[in-house]
Amino acid sequence: MIDLLVIGGGVNGAGIAADAAGRGLSVVLCERGDLGGATSSASTKLIHGGLRYLETYQFRLVRESLAEREVLLHAAPHIVWPLRFRLPHHKALRPQWMIRSGLFLYDHLSKRVSLPASHGLKFEHTDPLKSEFEAGFEYSDCWVDDARLVVLNAMQAQNHGASIMPRTVCEHIDASLDSVSKQMVWTATLRDINSGQEQKVKARCVINATGPWVGKLGRQLQPQTPPADVRLVKGSHIIVPRMYEGEEAYILQNPDGRVVFVIPYEKQYSLIGTTEEDYTGDPSAAAISPAEITYLLSVTNSYFKKVPDASQIVHHFSGVRPLIDDGDENASKVSRDYTLELSRSPAPLLTVFGGKITTYRRLAESAMDQLRVVFPDMARKWTLEARLPGGDFESQQQLLIDLAAEFPWLDTDLLEAWIKRYGTLIRVVLGDAKTLDDLGVCFGADLYECEVRYLMREEWAQTAEDIMWRRTKSGLRLNAEQRASLTRFCDSEQTLKA
Ligand SMILES: Cc1cc2nc3c(=O)[nH]c(=O)nc-3n(C[C@H](O)[C@H](O)[C@H](O)COP(=O)(O)OP(=O)(O)OC[C@H]3O[C@@H](n4cnc5c(N)ncnc54)[C@H](O)[C@@H]3O)c2cc1C
């Protein structure tokens, strides 16, 4: 019998598994697809307070999120880094005084240690914006590699003894009286998607962290009292060739009240997103519509001098936000805050609603606070100061200097890219490699066999898709032939493993 079965390996499930395992609980996490394969790899990838949420008075959420920026910068300096945002003033939209007041609050609602404050700015003709945008503002938030954040939390959970089971679906779950403890406990039927093998897991407590599937699983777990309603809101992004030189992101106001971000992405690209559409289908089938593409390009076009057209879109992705349904007609006004529901009947069950990538750590802490009634002897909170795997260094610049001295035969561009993925885990990725030849086959786009093997051995990657789109973003740069070769390699490695 284990203490905790976490169902769902997105950022919230992985974060809870790590927190719980670090407090000494025995934990199993099951994820029916790849870790982070659903909403948690389809976000805008911002660790942000959410400037826009100030308009809907979500001060608690904004304050907590702003504070988490500094916490996550410290915990994972390899995959989280500061990003400056430029907000062009649009004469027909929010007045300058309103934006200035919002940014003042944004700067002061929580403690800022390393992130610079906001300020006004004048645009020059050298800026990429159209000439009618003369003035604007600049402020700080952070960038995160969302998919890797999930995997690093799963690794952290495993380092504390948790068992991580990707490609394992929770098919069924029943409560029954345990004859030893005389307590009601859960028995879950888990099925390995690859082998079809079934396994029963007995747990004192279950966490439903299935994101957009929370209602579906909840109705199965508690048919008599299904959990609160969830509102599914689809959001899509497009990736285009880099639109401008600088490292700043842009936040573009639109007459519909929404904002669209244009963010430097993976050196050669710009990420544009996002949209908001109510969604009723299967969350795993969410895909961008032609109308969403037109919307994103037309908002961008209204601000920038040079905008790519639809034929230049390199990649796109869509995800489904699992929001708490507060009845608001406008999807963009529905709260992004999270709610946790603890029920003790028939057996302890904690259900996670909503939440953001930004707040996953605080959500996990709150989940553990609630579970103290079930596990009164568990250890105290610990994640505030903890580093995620590979994040035990102070600055990317210093790590680059150290690693360049240690591995002088490694190309600087490759080293820089690896620092942003693995931090100090680079030494594990490299293993015994002493020369470039030791890295093995190059599949293209600086993706070497040694990295692929590491990802399959240590980070639960199983398919070429896992590697191209979540563990790395090499899918953007590999051509069809290179992708096919990577697929063959992963398939044969998987067959050998099985
Ligand atoms: C377009 C978009 C942009 C966003 N941008 C941001 C942003 O910039 N910053 C930010 O902080 N937040 C952002 N968010 C919000 C954030 O992405 C989500 O709140 C977060 O990823 C939700 O994580 P989760 O773990 O709850 O859900 P998910 O990541 O969806 O994980 C749930 C997992 O449960 C699994 N599952 C379901 N049923 C079962 C079962 N029966 N057995 C086993 N596994 C199961 C699924 O496969 C899935 O992987 C954005 C969201 C969207 C959609």
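Here the structure is shown first, and the text comes after it.
Read on for an overview of the structure. Counting starts from 1 at the beginning of each chain's written sequence and moves along it residue by residue. Only residues with pLDDT of 70 or above have their local features reported here, since the model is predicted, and side-chain atom pairs are shown and tallied only from 80 upward, although totals for entire chains, interfaces and linings are computed over all residues. In computing side-chain values, all of the structure's heavy atoms are included and hydrogens and water are not.

**Structural notes on the packing of helix α1 (residues 11-22) against helix α4 (residues 146-159)**
In this description, a line fitted to the C-alpha atoms serves as the axis of each element, helices being fitted only across the stretch in contact, and the angle between N-to-C directions of two axes falls anywhere from 0 to 180 degrees. The secondary structure listing takes helices from DSSP runs of H or I that are at least 4 residues long and strands from runs of E that are at least 2 residues long, numbered from the N terminus. At a minimum axis distance of 8 Å, the contact between α1 and α4 shows a crossing angle of 25 degrees. Classified by the angle between their axes, α1 and α4 sit roughly parallel to one another. For the pair α1 and α4, the crossing hand works out as left-handed. Facing α1, whose interface residues are V11, A14, G15, A17, A18 and A21, α4 presents L149, V150, N153, A154, Q156 and A157. Ten residue types, Ala, Val, Leu, Ile, Met, Phe, Trp, Tyr, Cys and Pro, are classed as nonpolar, four, Asp, Glu, Lys and Arg, as charged, and the remainder, Gly among them, as polar. Of the residues in the contact of α1 with α4, the class split is nine nonpolar, three polar and no charged. Angle categories are assigned with fixed cut-offs, so that under 35 degrees is roughly parallel, over 145 is roughly antiparallel, 65 to 115 is roughly perpendicular, and the rest are oblique. Each crossing gets its hand from how the near helix is turned against the far one by less than a right angle, where anticlockwise is left-handed and clockwise is right-handed. The contact rule is simple, with two residues in contact once any of their heavy atoms fall within 4.5 Å.

**Re the pattern of salt bridges**
In what follows, salt bridge is the name for a side-chain nitrogen of Lys or Arg lying within 4 Å of a carboxyl oxygen of Asp or Glu. A full pass over the atoms with the stated rule returns 39 salt bridges. Residue E198 is joined to R191 by a salt bridge in which the shortest nitrogen-to-oxygen separation is 3.0 Å. For R191, a relative accessible area of 26% gives the class partly exposed. Residues R477 and E266 are paired through a salt bridge, measuring 2.7 Å at the closest nitrogen-oxygen approach. With R477 in the loop between α12 (464-471) and α13 (480-497) and E266 in the loop between β13 (259-265) and β14 (269-273), this residue pair connects regions lying 211 residues apart in the sequence. With a relative accessible area of 28%, R477 lands in the partly exposed category. Residue burial is assigned from relative accessible area. The probe radius is 1.4 Å, only protein chains are included, and a residue is buried under 20% of its type maximum, exposed over 50%, and partly exposed in between. Classification of E266 by relative accessible area gives partly exposed; the value is 28%. Via salt bridges that share partners, R60, E64, E68, D337, R361, R362 and E365 belong to a single interconnected network.

**Here's the deal with the site of the ligand**
Near, as used in this document, describes a residue that has one of its heavy atoms within 4 Å of the molecule or strand being considered. Taken together, 36 residues lie around the ligand, and E31, T39, S40, G355 and T358 are the ones closest in. By the criterion applied in these results, polar contacts are pairs of N or O atoms within 3.5 Å in which, for protein atoms, one can donate a hydrogen and the other can accept it, and in which residues neighboring in sequence qualify only through two side-chain atoms. At 3.4 Å, a backbone N or O of K45 approaches an oxygen atom of the ligand. Contact between the ligand and I357: an oxygen atom at 2.9 Å from a main-chain N or O atom of the residue. Considered on its own, the ligand offers 1,000 Å² of accessible surface; in the complex 96% of this is hidden by protein. Within the residue set of the shell around the ligand, elements represented by two or more residues are α1, β8 (168-177), β11 (230-241) and β16 (315-324). Here the limits of each domain have been adopted from an automatic or database domain assignment. When residues of the shell around the ligand are assigned to domains, at least three map to each of domain 1 (2-39 + 147-228 + 335-371) and domain 2 (81-142 + 231-327). Under the convention used here, a 1.4 Å probe and the Shrake-Rupley method define accessible areas, while residue burial counts only the protein chains that appear.

**Quick notes on a nonpolar patch on the surface**
Two joining distances apply to patches: 9 Å for like charges and 5 Å for nonpolar side chains (Val, Leu, Ile, Met, Phe, Trp, Tyr), and every residue must have over 30% relative accessible area and no salt bridge. A contiguous nonpolar surface patch, about 320 Å² in accessible area, is contributed by Y57, F59 and L105. Tracing the backbone through its elements, the reader meets Y57 in the loop between β3 (46-47) and α2 (59-75).

**Some details on the nonpolar core**
Here, the term nonpolar core denotes a set of buried Ala, Val, Leu, Ile, Met, Phe, Trp, Tyr and Cys residues that are joined through side-chain atoms within 4.5 Å. Grouped together as the largest cluster of nonpolar side chains are 113 residues, with contacts concentrated most on L4, L371 and L486. Core analysis: the second largest hydrophobic core is formed by 21 residues, L129, M243, L252 and V262 among them.

**Considerations on the side chain of R231**
Along the chain, R231 falls in strand β11. In this structure the side chain of R231 is engaged in a polar contact, spanning 2.8 Å, whose partner is the side chain of D278.

**Thoughts on helix α8 (residues 396-406)**
Those residues of α8 not exposed but buried are Q396, L399, L400 and L403. Buried residues in α8, looked at end-on, bunch into an arc of 105 degrees, giving them a common side. What points out from α8, more than 90 degrees from its buried face, is the exposed set Q397, I401 and A405. Throughout, the arc means the angular range of directions from the helix axis out to the C-beta atoms.

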